[in-house]
Amino acid sequence: QVQLVESGGGLVQPGGSLRLSCVASGFTFSIYAMSWHRQAPGKERELVAYISSSGGSINYADSVKGRFTISRDNAQSTVYLQMNSLKSEDTAVYYCNRLPVYSYWGQGTQVTVSS
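Just so we're clear, the structure is a prediction, and the values are computed from it rather than from any experiment.

1. As for the pattern of salt bridges
Summed over the entire model, instances satisfying the criterion amount to four salt bridges. Across the salt bridge formed by Asp90 and Arg38, the nearest N and O atoms sit 2.9 Å from each other. Here the residue Asp90 occupies a position in the loop between β8 (78-83) and β9 (92-98), and Arg38 occupies one in strand β4 (residues 34-39), the gap between them amounting to 52 residues. Here Lys65 makes a salt bridge to Asp62, at a shortest N to O gap of 3.3 Å. There is no split in this pair, since Lys65 and Asp62 are both exposed. When salt bridges that share partners are traced, they join Arg38, Glu46, Arg67 and Asp90 into one network.

Here it is as structure tokens:
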């Protein structure tokens, strides 16, 4: 029943920006913390950012701090990831998920930062 659908990925130049969206369904979105993760070829998934149910508590990986912003719209059951000042190292498939247990990995959305 739980479904997470990521979108918004694409090809961008270094220094560019991109906004990812994750639409959730099948659970009470407003009471769950949400997260963004990414996975590059040959590497394990990396936690990128976390946001509490109300949006009051936010954490970022050091690699994206100051460049990425996670946010959510509980009325739309959607979590966002605004990515600015993109680097080639940000190239990966990006996934959202629900805390406290990561059990609903979807297809993700590909972000490619060309160089």
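2. What about the sheet that holds β9?
In spatial order, the strands read β2-β10-β9-β4-β5-β6; together these six strands make up an open sheet with mixed pairing. Sheet topology places β2 (10-12) and β6 (58-60) at the edges, where each strand pairs with a single neighbour. Taking each pair of neighbouring strands and ignoring which way they run, the sheet shows an average axis angle of 25°. Across five bridges, the pairing between β4 and strand β5 (residues 46-51) is antiparallel. The partner of Trp36 across the bridge, within β5, is Ala49.

3. Here's the deal with the nonpolar core
Most often, soluble globular proteins keep nonpolar side chains buried together rather than apart. Residues Leu20, Trp36, Phe68, Val79, Leu81, Met83 and Tyr94 are the most contacted members of the largest nonpolar core, which totals 26 residues. With four residues, the single largest contributor to this core is strand β3 (residues 18-25).

4. So, the sheet that holds strand β7 (residues 68-73)
Strands sit in the order β1-β3-β8-β7 across an open sheet of four strands; the sheet is antiparallel. At either end of the open sheet lies a strand with only one pairing partner, and these are β1 (3-7) and β7. Recorded for the sheet is a direction-independent mean angle of 15° between the axes of neighbouring strands. Inspection of the sheet shows β1 paired to β3 by five bridges, in the antiparallel sense. Of the residues in β3, the one forming a bridge with Leu4 is Ala24.

5. As for the state of the cysteines
Throughout the structure, instances matching the rule amount to one disulfide. Shown here is the disulfide that connects Cys22 with Cys96, its sulfur atoms set 1.8 Å apart. Looking along the S-S bond of the Cys22-Cys96 disulfide, the torsion reads about 50°, which is the right-handed sense. One end of the pair, Cys22, is in strand β3; the other, Cys96, is in strand β9, with 74 residues separating them in the sequence. Residue Cys22 shares its accessibility class with Cys96, and that shared class is buried.

6. What about the pairing of β4?
With five of six residues buried, β4 lies mostly within the body of the structure. What sits between β4 and β5 in their antiparallel hairpin is a turn of six residues, with Gly42 showing a positive phi close to 80°. The pairing of β4 with β9 spans six bridges and is classified as antiparallel. Looking across to β9, one finds that Ser35 is bridged to Asn97.

Procedures and definitions
Counting from 1, residues in each chain are numbered in the order their sequence is written. This being a predicted model, a pLDDT of at least 70 is required before a residue's local features are given, and a value of 80 or more before pairs of side-chain atoms are given or counted; all residues contribute to the totals for chains, interfaces and linings. To obtain the side-chain values, all non-hydrogen atoms of the structure were used and water was disregarded. One speaks of a salt bridge when a side-chain nitrogen belonging to Lys or Arg is within 4 Å of a carboxyl oxygen belonging to Asp or Glu. Here a strand is any run of E in DSSP of at least two residues, a helix any run of H or I of at least four, and the numbering for each starts at the N terminus. A 1.4 Å probe rolled over the protein chains alone gives each residue an accessible area, and that area as a share of the maximum for its type sets the label: buried under 20%, exposed over 50%, partly exposed in between. We treat two strands as partners when DSSP finds at least two bridges between them. Angles here are taken between N-to-C directions and fall from 0 to 180 degrees, while the axes themselves are lines fitted to C-alpha atoms, restricted in helices to the stretch in contact. Within this scheme, the nonpolar core is defined by two criteria: the residues are buried Ala, Val, Leu, Ile, Met, Phe, Trp, Tyr or Cys, and they are joined through side-chain atoms within 4.5 Å. In plain terms, two cysteine sulfur atoms within 2.5 Å form what is called a disulfide here.

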